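In case you want the letters, here they are:
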Amino acid sequence: MAQLEQAFFDSVERFVRERIKPHVNDWDEAGEFPRELYAQAAEIGLLSLGYPEQYGGVDCSLRDRLQLNDIICGAGSGGLWAGLFSHNIGLPPIIAQGSAELKERIVPPVLRGEKISALAITEPGGGSDVANLKTIAERKRDDKGEFFEVTGEKIFITSGVRADWLTVGVRTGEPGARGISLLAIEGNSPGITRTNLRKMGWWMSDTASIHFDRVRVPVENLIGTENKGFRAIMENFNNERLMIAAGAIRFSQLCLDEALDWSRNRKTFGQALVTHQAIRHKLMDMRMRIRGSRAWLMQIIHQLETGQLDEGLEGLVADICLLKNQATQTMQFCSDQAVQILGGMGFMRGLVSERMYREVKVLMIGGGAEEIMKELAARQLSVG
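Residues numbered from 1 in each chain as written. Predicted model: local features only at pLDDT ≥ 70, side-chain atom pairs only at ≥ 80, totals over all residues. Heavy atoms only, no water.

## Things to note about the packing of aromatic side chains
Reasoning step 1: In this structure the tally under the stated criterion is four aromatic pairs.
Reasoning step 2: Summarising the aromatic geometry, the rings of Phe33 and Tyr38 are spaced 5.6 Å apart at their centres and angled 45° between planes, so their arrangement reads as tilted. Side by side, Phe33 and Tyr38 carry an identical accessibility label, which is buried.
Reasoning step 3: Here the aromatic residues Trp27, Phe33 and Tyr38 are joined through ring pairs into a cluster of three or more.
Reasoning step 4: One residue, Arg216, lies across the ring of Phe147, its end atom 3.9 Å from the ring centre.
Reasoning step 5: Between the NZ or CZ atom of Arg289 and the centre of the ring of Phe333, over which it lies, the distance is 3.8 Å. (Phe/Tyr/Trp six-rings, centres within 6.5 Å; stacked < 30°, edge-to-face > 60°. Buried < 20%, exposed > 50% of the residue type's maximum accessible area, 1.4 Å probe, protein only. Lys NZ or Arg CZ within 6 Å of the ring centre and 35° of its normal.)

In structure tokens:
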């Protein structure tokens, strides 16, 4: 596995410092970031990491990807992080299961920042219950050939309004997990209606409700084998959950950094805030949780890199689920404590801790809610 050079990390840090961080507050208030940011990120190679070179990707290790993830999250916006990199959950099923023609048609333009990719699995009545999704794709034929006709609805879809390509979970067969397939659907297909959703956090990331009304999809856009899409969805979730955990840990550190800086400079009763024992203990509680979560993350990364699985694949999947819970709980704790230390300023828009306080809940729910993560981990470990 190729290792990225330090010059590349330096260029990404400069990109975040100059092109993103100064604009985060304005983009949040505007409810979007500029579409041209995709092309700018692609220009320095940021969108292509971890993808096959034949489609314009750049080979790199998981550890390198996580280091770059930290740099992007350092801008202090989960909405930017989720929206700019929505292709990292939209493209992997296509890379893993799609035909050569489908990959060639979809992947290179996305990695060049010309097209936007999104994953569309969640439904209004389903949430984390992927096995029971209701969006129907019927295989049909007319004088133009064979196609799928898709009818249904998806909700809470990151980049769903802007996306040029949607990787969509559909039902093509029997009830349950055995009847699920994945389709690549063009975002501007006739019969698709997309509505932007207003949210507690992630303001600058478009989040959509998407309605499919007899949308015609060529059979060539089937990703993998018909009725075999459930496993691909689940495998995709493992990567998403790991990245959510990594992001939550970095966002937790931002809260600690802001609270520490404030407490060193803020004077109360003639003394710096940090001189008060109660404040110091809050800061150390934050550090303790961050360090513990990061150590667990690095242990999982080591297992993935070396293939030395302590409890087999089941144990690894269980740990990823539980780490997602621990890391997002750490972020919840740290954002809450940071806002408390900042006092009235912590309630003001524009501070990182205030933004993290609003954004943490989507990380605790997205990719699988806490309760689902615990149950999935227990099943993997044959508990109960």
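## What about the nonpolar core?
Reasoning step 1: Membership of the largest hydrophobic core comes to 66 residues, with the highest contact counts inside it found for Ile20, Leu80 and Met286.
Reasoning step 2: When residues no more than four places from it in sequence are discounted, the contact partners of Leu80 are Ile20, Trp27, Phe33, Leu37, Ile72 and Met204.
Reasoning step 3: Tyr51, Val110, Ile223 and Ile233 belong to the second largest nonpolar core, which has 22 residues in total. (Core = buried A, V, L, I, M, F, W, Y, C linked by side-chain atoms within 4.5 Å. Contact = heavy atoms within 4.5 Å.)

## Details of the environment of Gly229
Reasoning step 1: In this structure, Gly229 sits in helix H9 (residues 229-265).
Reasoning step 2: Looking at Gly229, the relative accessible area reads 2%, which means it is buried.
Reasoning step 3: Sequence separation of Gly229 and Gln97 is 132 residues, and the distance between their C-alpha atoms is 9.1 Å.
Reasoning step 4: In contact with Gly229, other than residues within four places in its own chain, are Ile180, Ser181 and Leu182. (Helix = DSSP H or I, 4+ residues; strand = E, 2+ residues; numbered from the N terminus.)

## Quick notes on the side chain of Glu123
Reasoning step 1: As for its placement among the helices and strands, Glu123 is situated in the loop between strand S1 (117-120) and strand S2 (136-142).
Reasoning step 2: In this structure the side chain of Glu123 is engaged in a polar contact, spanning 2.7 Å, whose partner is the side chain of Thr135. (Polar contact = N/O pair within 3.5 Å; in protein donor to acceptor, adjacent residues only side chain to side chain.)

## A word on the environment of Ile44
Reasoning step 1: Relative to the elements of secondary structure, Ile44 occurs in the loop between helix H3 (36-43) and helix H4 (62-73).
Reasoning step 2: When its relative accessible area of 24% is taken as the criterion, Ile44 is described as partly exposed.
Reasoning step 3: Spatially, the C-alpha atom of Ile44 lies 40 Å from that of Gly344, the residues being 300 residues apart in sequence.
Reasoning step 4: With near-sequence residues (within four places) excluded, Ile44 lies in contact with Phe8, Ser11, Val12 and Phe15.

## Some thoughts on the pattern of salt bridges
Reasoning step 1: Under the criterion given, the structure shown has 18 salt bridges.
Reasoning step 2: As a salt-bridge pair, Arg349 and Glu29 come within 2.5 Å of each other at their nearest N and O atoms. One end of the pair, Arg349, is in the loop between helix H11 (312-342) and helix H12 (352-365); the other, Glu29, is in helix H2 (residues 24-30), and 320 residues separate them in sequence.
Reasoning step 3: Look at Arg349 and you get exposed, because its relative accessible area is 52%.
Reasoning step 4: The partner of Glu226 in a salt bridge is Arg139, with the nearest N and O atoms 2.6 Å apart. Residue Glu226 is located in the loop between strand S8 (222-223) and H9, and its partner Arg139 is located in strand S2; the two are separated by 87 residues in the primary sequence.
Reasoning step 5: Assessed through its relative accessible area of 23%, Glu226 is described here as partly exposed.
Reasoning step 6: Taken together, the shared-partner salt bridges in this structure form one network comprising Asp28, Glu354, Arg355 and Arg358. (Salt bridge = Lys/Arg side-chain N within 4 Å of Asp/Glu carboxyl O.)

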